[in-house]
Amino acid sequence: VHRARQAGVLTIVDGAHAPGQIPLDLSSLGADVYAGNCHKWLMAPKGAGFLYARKEVQPLLEPLVVSWGWEPEQTTLLSLDTARVSPFILQHEWQGTRDISAYLTVPAAIRFQEEHGWPRVRQECHALLRYAREAIGELTGLEQICPDSEEWYAQMAAFPLPPCNAGELKRRLYDEYRVEVPIIEWPAPGQEGPEGRRQLVRVSVQGYNTREDVAALLRALENLLPDKSSV
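Residues numbered from 1 in each chain as written. Predicted model: local features only at pLDDT ≥ 70, side-chain atom pairs only at ≥ 80, totals over all residues. Heavy atoms only, no water.

Chemist: Before we move on, can you summarise the side chain of arginine 122 with the specific residues and values?
Modeler: Position of arginine 122 relative to the elements: it lies in helix α6 (residues 118-140). Lacking a salt bridge, the buried arginine 122 has glutamate 150 as its closest oppositely charged neighbour, with an N-O distance of 8.6 Å. Not counting residues up to four positions away in its chain, the partners in contact with arginine 122 are Gly20, Gln21, Ile22, Pro23 and Gln155. (Helix = DSSP H or I, 4+ residues; strand = E, 2+ residues; numbered from the N terminus. Buried < 20%, exposed > 50% of the residue type's maximum accessible area, 1.4 Å probe, protein only. Lys, Arg positive; Asp, Glu negative; His and termini not counted. Salt bridge = Lys/Arg side-chain N within 4 Å of Asp/Glu carboxyl O. Contact = heavy atoms within 4.5 Å.)

So, in structure tokens, the structure goes:
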């Protein structure tokens, strides 16, 4: 972000998975625009998220839904002091008749994590994910895609799998073992076309997951992966 600012480049960060998974300080980060979700690792309901923009770039953003705050100086419908509210908030905050219930739960979600020592929970989740990484690596014998460091992954990571049918493996994991996990296809380095794609399992560990959950995934992969003709 600092180098982009020096070069005059606008920075827009898709930070969907950061809030609640890693410490986040928007002021220190200094990005021009940052969008984050609260329904993932912060555990608020779906539909809760936020858009942040530095004051200098706020005039560049236009709302997707035009509502009461679009031209506050020309409307008498707003029951607030428009002189004390930024045009950015006026234009983006009011979205017609949209249900704002999910937004209103975010403070409670933040308090919940504060009251339950969430930095410790995050460390425990990372340790469990690290165990899953080691176990899946031993099962597949494949090289991992990143170093074993908190700088590279926190509570979610993708692990390489032997060549397989991603859709069929995902279906069988759920239908036969009740394991819900994404199986991702990604271009293999230096290869092109469908034959040059590799499969990865993306494992997420939240505070409610246990070692038994990871063991269930490992048992399922152990039973399904060797049968290359079916997966």
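Chemist: Outline the environment of methionine 156, supporting the account with residue identities and numerical values.
Modeler: Here methionine 156 shows up in strand β4 (residues 156-160). Spatially, the C-alpha atoms of methionine 156 and histidine 126 are 8.1 Å apart, while their sequence positions differ by 30 residues. Those residues in contact with methionine 156 that sit more than four places away from it in its chain are His17, Gln21, Trp41, Leu129, Arg202, Val203 and Ser204.

Chemist: Summarise the pattern of salt bridges; cite the residues concerned and give the values.
Modeler: Inspection of the entire model under this criterion finds 11 salt bridges. Across the salt bridge formed by glutamate 124 and arginine 120, the nearest N and O atoms sit 3.0 Å from each other. Linking glutamate 124 with arginine 120, this pair stays in helix α6, spanning four residues, or about one helical turn. The class of glutamate 124 is partly exposed, set by a relative accessible area of 46%. Residue classification places arginine 120 among the partly exposed positions, given a relative accessible area of 47%. Arginine 197 is the partner of glutamate 185 in a salt bridge, and the nearest nitrogen-oxygen pair spans 3.9 Å. Taken together, the residues glutamate 185 in strand β5 (residues 183-187) and arginine 197 in strand β6 (residues 197-204) connect sequence positions 12 residues apart. What makes glutamate 185 partly exposed here is its relative accessible area of 33%. It is possible to trace a salt-bridge network through shared partners that takes in Arg5, Asp32, Arg54 and Glu56.

Chemist: Hey, could you go over the sheet that holds strand β1 (residues 12-14) for me, with residue numbers and the actual values?
Modeler: If you walk across this open sheet you meet the three strands as β1-β2-β3, and the pairing is mixed. Where the open sheet ends on each side, the last strands, each with one partner, are β1 and β3 (49-53). Geometrically, the sheet is characterised by an average inter-axis angle of 10° between neighbouring strands, direction not taken into account. Relative to β3, strand β2 (residues 33-37) is paired through five bridges, and the arrangement is antiparallel. Looking at β3, one finds that tyrosine 34 is bridged to tyrosine 52. (Pairing = 2+ DSSP bridges. Axes fitted to C-alpha atoms, helices over the stretch in contact; angles between N-to-C directions.)

Chemist: Go over the environment of threonine 210, please, and point to the residues and values.
Modeler: Relative to the helices and strands, threonine 210 resides in the loop between β6 and α8 (211-224). Judged by its relative accessible area of 32%, threonine 210 falls in the partly exposed class. When the C-alpha positions of threonine 210 and glutamate 124 are compared, they lie 9.9 Å apart, and in sequence the two are 86 residues distant.

Chemist: Describe the packing of aromatic side chains, and please don't skip the residues or the numbers.
Modeler: By the definition in use, this model includes two aromatic pairs. With a centroid separation of 6.0 Å and an interplanar angle of 5°, the aromatic rings of tyrosine 34 and phenylalanine 50 are classed as stacked. With tyrosine 34 in strand β2 and phenylalanine 50 in strand β3, the pair connects residues that are 16 residues apart, well separated along the chain. When the ring of phenylalanine 112 is compared with that of tryptophan 118, the centres are 5.8 Å apart and the planes differ by 55°; the resulting orientation is tilted. In this arrangement the basic side chain of arginine 178 is found over the ring face of tyrosine 174, its NZ or CZ atom lying 4.9 Å from the centre. Geometry around tyrosine 131 places arginine 211 over its ring, the cationic atom sitting 3.7 Å from the centre. (Phe/Tyr/Trp six-rings, centres within 6.5 Å; stacked < 30°, edge-to-face > 60°. Lys NZ or Arg CZ within 6 Å of the ring centre and 35° of its normal.)

Chemist: Please give an account of unusual backbone geometry that cites residues and values.
Modeler: If a residue is not glycine, its phi is most likely negative; likewise, a peptide bond is most likely trans. The phi dihedral of methionine 43 is positive, around 70°, even though this residue is not glycine. Within the element layout of this structure, methionine 43 appears in the loop between β2 and β3. Residue methionine 43 is classed as partly exposed on the basis of its relative accessible area, which comes to 33%. Unusually for a residue other than glycine, arginine 178 sits at a positive phi of about 55°. Its location among the elements puts arginine 178 in the loop between α7 (166-177) and β5.

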